[in-house]
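Understanding the architecture of this molecule
Here is how the chains run, residue by residue.
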2 protein chains.
Amino acid sequence: MKFKTIKAIGLTALFLVLSDITFAQQYEPLLLLSKSEAKNISQHLGDYKILGKSFSKVKMDADKALEKPIEVPIPIDNGGGYTHEKHKKNYRDLYYAGLAFQVTAEKKYAKFVEQMLLEYAKIYPGLPLHPKRKAEQNSGKLFWQGLNDCVWLVNGIQAYDLVKESIGPKNRAIIERDVFRSMAAFLSESESGKDTFNKIHNHGTWAVAAVGMTGYVLGDKDMVVRALTGSSKDKKSGFLKQIDMLFSPDGYYSEGPYYQRYALQPFMVFAEAINRNQPELKIFEYRNQLLKKASNTVLQLTDSNGYFFPINDALKEKNFMTEELVFATNIVFENYSDTSILPVIQQQNEVSITGAGLKSSEAVQNMKKQEFVKDPMIITDGPEGKSGGLALFRMDTKKKDEQLTAVFKFASQGMGHGHFDRLGIMLFNNDREILQDYGAARFLNVESKNGGRYLDENKTWAQQSVAHNTVIVDEKSHYNGDWKEAEKQVPHTVFSDISNPKIIQIASAVENNAYAGVEMQRTVALIGAEMPFVLDIFSLKSKEKHQYDLNFMFSGQIMETNFDYVPSLTNLTPLGKDNGYQHLWKLAEAKGNQGLSKFTWLNDSRFYTISTLTDDSNKVVVTRLGANDPNFNLRNESGYMIRTNDKQNYTFVSVIEPHGSFDAKLESVQDPHSKLESIQVLKQDENYTAILVNFKNNKSYTLIFANKETSSTSKHKIFLKGKNMEWKGSYTLITN
Amino acid sequence: MKFKTIKAIGLTALFLVLSDITFAQQYEPLLLLSKSEAKNISQHLGDYKILGKSFSKVKMDADKALEKPIEVPIPIDNGGGYTHEKHKKNYRDLYYAGLAFQVTAEKKYAKFVEQMLLEYAKIYPGLPLHPKRKAEQNSGKLFWQGLNDCVWLVNGIQAYDLVKESIGPKNRAIIERDVFRSMAAFLSESESGKDTFNKIHNHGTWAVAAVGMTGYVLGDKDMVVRALTGSSKDKKSGFLKQIDMLFSPDGYYSEGPYYQRYALQPFMVFAEAINRNQPELKIFEYRNQLLKKASNTVLQLTDSNGYFFPINDALKEKNFMTEELVFATNIVFENYSDTSILPVIQQQNEVSITGAGLKSSEAVQNMKKQEFVKDPMIITDGPEGKSGGLALFRMDTKKKDEQLTAVFKFASQGMGHGHFDRLGIMLFNNDREILQDYGAARFLNVESKNGGRYLDENKTWAQQSVAHNTVIVDEKSHYNGDWKEAEKQVPHTVFSDISNPKIIQIASAVENNAYAGVEMQRTVALIGAEMPFVLDIFSLKSKEKHQYDLNFMFSGQIMETNFDYVPSLTNLTPLGKDNGYQHLWKLAEAKGNQGLSKFTWLNDSRFYTISTLTDDSNKVVVTRLGANDPNFNLRNESGYMIRTNDKQNYTFVSVIEPHGSFDAKLESVQDPHSKLESIQVLKQDENYTAILVNFKNNKSYTLIFANKETSSTSKHKIFLKGKNMEWKGSYTLITN
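The residue numbering used here restarts from 1 in each chain and proceeds along that chain's sequence as written. Starting at A for chains and at 1 for ligands, labels are handed out in the order in which the entities are written. Totals for whole chains, interfaces and linings use every residue, but because this is a predicted model, local features are given only for residues with pLDDT of at least 70 and side-chain atom pairs only at 80 or more, for both listing and counting. Side-chain numbers come from the whole structure's heavy atoms, not from hydrogens or water.

What about the side chain of Glu-255 of chain B?
Residue and element names in this part refer to chain B. Operational definition: A helix here means a DSSP run of H or I that spans at least four residues, while a strand means a run of E at least two residues long, and both kinds are numbered starting from the N terminus. In protein, a polar contact requires one atom able to donate a hydrogen and another able to accept it; more generally it is a pair of N or O atoms within 3.5 Å, and residues adjacent in sequence count only if both atoms are side-chain atoms. Contacts: residue pairs with any heavy atoms within 4.5 Å of one another.
Among the secondary structure elements, Glu-255 is positioned in the loop between α11 (239-246) and α12 (257-277). At 3.4 Å, the side chain of Glu-255 forms a polar contact with the side chain of His-201. At 2.7 Å, the side chain of Glu-255 and the side chain of Tyr-253 are in polar contact. Other than its neighbours up to four places away in sequence, Glu-255 contacts His-201, Asn-202, Ile-311, Asn-312, Gly-414, Met-415 and His-417.

As for the UniProt feature "domain: Heparinase II/III-like C-terminal" (unreviewed entry) in chain A
Where we set the bar: UniProt positions are given in the numbering used here, feature names are shortened, and annotations may be inferred rather than shown by experiment.
In this structure's numbering, the residues bearing the UniProt feature "domain: Heparinase II/III-like C-terminal" (unreviewed entry) are residues 382-637 of chain A. Secondary structure content for residues 382-637 of chain A is 5% helix and 46% strand, and the end C-alpha separation is 32 Å.

Description of the sheet that holds strand β2 (residues 389-396) of chain A
Residues and elements named next belong to chain A. Which entries qualify depends on this criterion: Strands are treated as partners if at least two bridges between them are detected by DSSP. For helices, the fitted line uses only the C-alpha atoms of the stretch in contact; every axis is such a line through C-alpha atoms, and the angle between N-to-C directions lies from 0 to 180 degrees.
Read across the open sheet, the 5 strands follow the order β1-β2-β3-β4-β5; overall the sheet is antiparallel. With partners counted over all chains shown, the strands left at the sheet margins are β1 (377-380) and β5 (432-435), one partner each. Averaged over all pairs of adjacent strands, the angle between strand axes in this sheet comes to 20 degrees, irrespective of strand direction. The sheet contact formed by β1 and β2 spans 4 bridges and is antiparallel.

Concerning the pattern of salt bridges
All names here are of chain A. The following threshold applies: Criterion for a salt bridge: a side-chain nitrogen of Lys or Arg within 4 Å of a carboxyl oxygen of Asp or Glu.
All told, the structure shown has 80 salt bridges over all chains when counted by the stated rule. Asp-178 is the salt-bridge partner of Arg-177, the closest N and O atoms lying 2.9 Å from each other. Note that Glu-485 is salt-bridged to Lys-488, the shortest N-O span being 2.7 Å. When salt bridges that share partners are traced, they join Glu-37, Glu-272, Arg-276 and Glu-334 into one network.

So, the environment of Asn-603 of chain A
Residue and element names in this part refer to chain A. Basically, it comes down to this: Exposure categories follow from relative accessible area, calculated using a 1.4 Å probe and restricted to protein chains: below 20% of the type maximum is buried, above 50% is exposed, and the middle band is partly exposed.
Position of Asn-603 relative to the elements: it lies in strand β15 (residues 595-603). The class for Asn-603 is buried, based on a relative accessible area of 7%. When the C-alpha atoms of Asn-603 and Ser-661 are compared, they prove to be 9.7 Å apart, with 58 residues separating the residues in sequence. Those residues within four positions of Asn-603 in sequence are excluded, and the remaining contacts are Arg-432, Glu-433, Ile-434, Ser-555, Gly-556 and Tyr-608. Polar side-chain contacts of Asn-603 include one of 2.9 Å to the side chain of Arg-432.

What to know about the nonpolar core
Within soluble globular proteins, side chains that are nonpolar generally end up buried alongside one another. Quick reminder of the rule: Only buried Ala, Val, Leu, Ile, Met, Phe, Trp, Tyr and Cys residues count toward a nonpolar core, and they belong to the same one when joined by side-chain atoms within 4.5 Å.
Membership of the largest hydrophobic core comes to 150 residues, with the highest contact counts inside it found for Trp-461 and Tyr-640 of chain A together with Trp-461 and Tyr-640 of chain B. Membership of the second largest hydrophobic core comes to 124 residues, among which are Leu-127, Ala-184, Leu-228 and Tyr-259 of chain A.

Some details on the domain arrangement of chain A
All names here are of chain A. This is how the line gets drawn: Domain limits in this description derive from either an automatic procedure or a database domain assignment. When two components associate, each loses some accessible surface as probed by a 1.4 Å sphere; the sum of these losses over both components is called the buried area. Under the scheme applied here, ten amino acids are nonpolar (Ala, Val, Leu, Ile, Met, Phe, Trp, Tyr, Cys and Pro), four are charged (Asp, Glu, Lys and Arg), and all others, including Gly, are polar.
Annotation of chain A at the domain level lists domain 1 (2-364) and domain 2 (377-735). Once you take the C-alpha centre of each, domain 1 and domain 2 turn out to be 39 Å apart. Summed over both sides, the interface of domain 1 with domain 2 buries roughly 3,400 Å², with 54% coming from carbon and sulfur. Considering only the side of domain 1, the residues that lose the most area to domain 2 are Asn-312, Asp-313 and Lys-316, jointly responsible for 18% of the buried surface there. The residue Glu-433 makes a salt bridge to Lys-316 at a minimum N-O spacing of 2.8 Å. Counting the contacts that link domain 1 with domain 2 gives 22 residue pairs in polar contact (both at pLDDT 80 or more). Secondary-structure elements contributing two or more residues to the side of domain 1 that touches domain 2 are α1 (2-18), α4 (82-104), α11 (239-246), α12 (257-277) and α13 (286-300). A per-element tally of the side of domain 1 that touches domain 2 places α13 first, with 4 residues. Tallied by class, the residues present in the side of domain 1 that touches domain 2 amount to 16 nonpolar, 15 polar and 11 charged.

A word on the sheet that holds strand β11 (residues 546-552) of chain A
Sheet strands associate in pairs through backbone hydrogen bonding, adopting either a parallel or an antiparallel arrangement. Residue and element names in this part refer to chain A. A sheet is described by the order of its strands in space; here 6 strands give the open sequence β6-β11-β18-β17-β14-β13, paired in antiparallel fashion. A strand with exactly one partner marks an edge of an open sheet, and here the two such strands are β6 (471-473) and β13 (565-567). Looking at each pair of strands side by side, their axes are set apart by 25 degrees on average, direction ignored. Here β11 runs beside strand β18 (residues 638-647); their pairing, made up of 6 bridges, is antiparallel. Its bridge partner being in β18, Phe-552 is matched across the sheet by Tyr-640.

A short note on the packing of aromatic side chains
Residues and elements named next belong to chain B. This is how the line gets drawn: Two rings from Phe, Tyr or Trp (for Trp, the six-membered ring) form a pair when their centres are within 6.5 Å of each other. A pair whose planes differ by under 30 degrees is stacked, one over 60 is edge-to-face, and the rest are tilted.
The full count for this structure, using the stated rule, is 61 aromatic pairs over all chains. Ring plane angle 85 degrees and centroid distance 6.5 Å describe the contact between Tyr-259 and Tyr-262, whose orientation is recorded as edge-to-face. Highlighted residues: Tyr-259 and Tyr-262, both in helix α12, separated by 3 residues, approximately one helical turn. Pair check on accessibility: Tyr-259 and Tyr-262 agree, each one buried. When the centroid spacing of 6.3 Å and the interplanar angle of 90 degrees are considered together, the rings of Tyr-438 and Trp-461 count as edge-to-face. On the criterion of sequence distance, the pair formed by Tyr-438 in the loop between β5 (432-435) and α17 (456-462) and Trp-461 in helix α17 is long-range, its members being 23 residues apart. Given a relative accessible area of 3%, Tyr-438 falls into the buried group.

Description of unusual backbone geometry
The backbone of Asn-450 of chain A sits at a positive phi, close to 55 degrees, despite the residue not being glycine. Mapping Asn-450 of chain A onto the fold places it in the loop between β5 and α17 (456-462). Taking relative accessible area as the criterion, Asn-450 of chain A reaches 34% and is therefore assigned partly exposed. Phi at Asp-474 of chain B is positive, roughly 55 degrees, even though this residue is not glycine. With respect to the helices and strands, Asp-474 of chain B occurs in the loop between β6 (471-473) and α18 (483-487).

Side note on the relation of the copies chain A and chain B
Both copies of the chain are related by a screw-like operation: a rotation about an axis and a shift along it. The line we're drawing: The fit set for superposing copies consists of C-alpha atoms from residues with pLDDT of at least 70 in both; the fit itself is least squares.
For these two chains of identical sequence, chain A goes onto chain B by a turn of 180 degrees and a shift of 0.0 Å along the axis, with RMSD 0.0 Å. Here the transformation between the copies is reduced to the relation of a two-fold axis. Residue Leu-572 of chain A, judged by its C-alpha, is the member of chain A lying nearest the rotation axis, at 2.5 Å. Looking at the interface residues of chain A, 100% of them are also at the interface in chain B, so both copies use one shared face.

Below, the structure is given as structure tokens:
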């Protein structure tokens, strides 16, 4: 396998090179911005518009910082509190002043950095662990968690790198000893820090980047080797192992795009520093240009406004305009000359003040406005690409600039930030969430909300299966809500195909370990039609009887149902007792229709209907989030659930259908009612499933697929509706 | 009084002129687009960008219409249903084809209009009242309500006006007789139509505009006179009476901005037609250029994105980009040469294909991007300007492009679309609703939602007092929810001042008739400070004991309170039985603090805190909308209520304070806690109120005001904190 060979070469080469590094102590910047690049930037501030804009922001912030007295408070506060925010501001001020010094050559900026670092030197060595540390998280000294200390160091060492040429030997010695060596030791060698430093986790990446960059600047070979190969230097951890383990061959990061964005900054920034100091490591070629794929994949995992799909613990406010991705896109462009990324840089409308930023701003200077191309993708998960994955279906509607995106997740757990969302889906219309994932329950840095940390409801609701668009068995979450158990098992891709993206995009995956003795298989297809629709077949098999709940967290206002329901008008009670169910108010209950149960809502300018095959043994429940929420921590999202009881084997077959339009400006409404006529299961046995979907305009779609893995060239034949149907590969779609 | 004189002159002149009109039957267009203007447009499509864009949209729609067979179905459906939408589409197609004919001179467009009108001629005279008509609303023939028939005619007659030159005499006769005369007779003379035609109401305005314009085109003097002076020609109704009665001297329309937008189209379009056919009426000068003021006022009553403040029955999706206001702004510019309106036309990025649109597109062609200036305003209500009004407070914060707007409403009822929101306030930060008004409960034209009409919940919730940010007495709505009673009484302005807009904007108003025996006075000030804040003093006086509820419908997520509350974790019940209270779930309850009760929420990038003086006899309730809502018609908004029981006289004193910031991109949070230290009532007697507000930064603000009306030059003196305070006018603000 090609990938393995290259990885092997990478490691061998690294080993040779590492044993051979010598550092000449230099006083010119060594990390992301060289002296000549800084000069070049100062000469082109007027030429490259976004460079000028970005630098003037940096300089303005630096100037503001210089106006105020330097303050380095003894750390006492939680996230969002005064000292927390002050130390964050300090590392930004340091970094911006460092940049301003290199670009303007004005000594006052360097002086500011020197003085502030001397203040840190006074307190840092004597600081105890942070008083607001939490038992379950590794503590920092400046901040309640060690992670923030690492981020401080990534910024602080760059600031020092940029100005050290102007600091005299005595102060250099103080700063290096009492700030940088002390901090690097704390973060990579102390009892408290070492653990995180060696973790295969984004916290670990920030730690190794911080320490590794410090190593380059201080000329400390040992620090660099530790950063690259782990504190035992056994390559079982460290930066390279992190690249190996945290990304799939397609560049998917198991914690999901929100954390991928966050982790990408130290990955890319440290890689850039490595490449500038040890180009012979060819870090950007490592693992088939993995860092390029990782950047592209995270950019693809966004809605039409660049907001990350809220997979796992994710805050929905984040998009690819954040600083982390400004660094990443610039570095990708610099090192891979990849012009496909330029539209993103254009949208970011900001560059990093680095060599990479200089090249990027030049490239977009005279470029016409372009859209970043968002394609359907099948993204594998796992270091070997064998731990399931993610299907990203995208189809344009006939309306200009309208794209539907269905995300089908059959990926691995994503460690402690992972959600119990096996075989879950999401649906977007451009930037609108239609079927949503709650993301994380957290108000980042808001002191009044649990000190800005994850809220209790993140565990009790957001991570639970019922917070997702998937099936929940017996009101328990997948893997009983134990992420360490979940981490041991991965879903399996049965087949996927996006080769005819205008006709059908499809994937089928199984998850056989989420519940003991229950096999789950979901097949999701986005099918091209007058209006693209999702066909969703969720099969459950078990020898025991269970309750199966197919849940949809929809967003929008309920418009109509084709079944009668009993609303709870004057008394709400929770849907269940535990596993997230305790947070859902039961708003209405119904028996399923004999045939199709339809549920229609309005979101912005479109109607959406979920139509599910049911009979009167099904229960249908409408829910709203908010029960058992004493601190008003939850958003009050809406849910729709189709339930069946006492079943061994059961298959939910649904069509999710955007339809019609609502135009407030023109006061015009089209097709507020579902256009689906019927769904029929033509066949379902051990080997094959065949579903016929009829629309009211007499168009029909028959999807037939093999339930088990089969080669793309295998031939299949089944007898259906009095005819022999033959096809090649895992599935076929017949349109009439 | 100047205004009265001018009005008198207007009417006299009109009388003379009306008795004197003669019409020469013309075949060239008479209404909004003359033959030479059309030619001019066709020559400048390439020169004036927004003209070219606007016309190509019109032409594209006309071309699409021409491709399909003409269909004029027998009316059967409700709003949003097929025949409803089809007849709406038909009048648009007619109008666009008419415009396309005049601008391109291509006969096919005229032929299309002729043929479609002939189809209407076949069915119209024989049509019965619409089968889906409602007892309480006047019926149309093409549509369920007569209003839509009027809108059809406003468009249809313009289309005919534009193409009649190319129709032979025989077909002209058929069309005029069986479509236009028949329709005008139905709308202005039939039992069903006459009532609306003579109403002082926006439905009436659409009716008189439709019939009046038809009169000009058919050369029917009687129709025109009827339209201008009412069907009895006694000037007790008709267009001029509508201008007199429906607007205040400041151009406020008693139904509120949402309906003002809607009514403005027939007002402006008909005025333009009048001005082109009877310029001697000087309709644009009428009532001190009332139509110009009306246009400006409605544009001012919008948030930073041009969305109308949702006063009374209003849908929040509407902004000043709608077609109605494109007509209005263009006509204002043409007739008043008012360049202050050009930034709105620029934002609309569209013009009407009329003489006015031509002039407007020329004016904005080379204009730099400008912002429409939004100023603080005191807007009087009532035909004489004596029925209370609306205070529109606006203050910029220190953040770039951030403006706070507080709306204080002490206006008249606004007829059947009015809400029971006496002395209510709203608060906006740019386009974000911070303290909101629900607007109307309606999904316009969505058939599945009560045929697109107002929902039951509009009466049971949206119009009720508790849906607003005001005081509710004994859980009953103002005027017991009877709009006809409410229509008889108006609030009274005690004083208002916006002359030092950066320091303080203030208004005080009383409402003594909403509840028998209860005098209500609210004084609201937006005060300039490090961050502007609202000081809100709501006084109630009664000889009987009552329950007083000060309600705030806030939007955002609750962050913290400084009082302990008991949350309803596993069981929700409604707050009350009736008058809107039955729709509020009670989420939490608390006793007020001794001193200040603080309630903080987050909305977008700011925190907001309401701090109210309380003691432990106050109850505090947190609510959420959604109880007793069997059809899921309501949005689930949030409420916060401070209650007091068994009180005769009581004053709620609150500070509403934006503070801090939440920046997801930078992950930075500032000042999540209220910065208010204390509120003190220094004095409150029959004549004066004095309130001291202290912030934690030691800034303090003392507001002293006379409770009763007093002249702006009167001198006042009170003894306060051991000192004599003297000032001139209704109030003074002392800042330390």
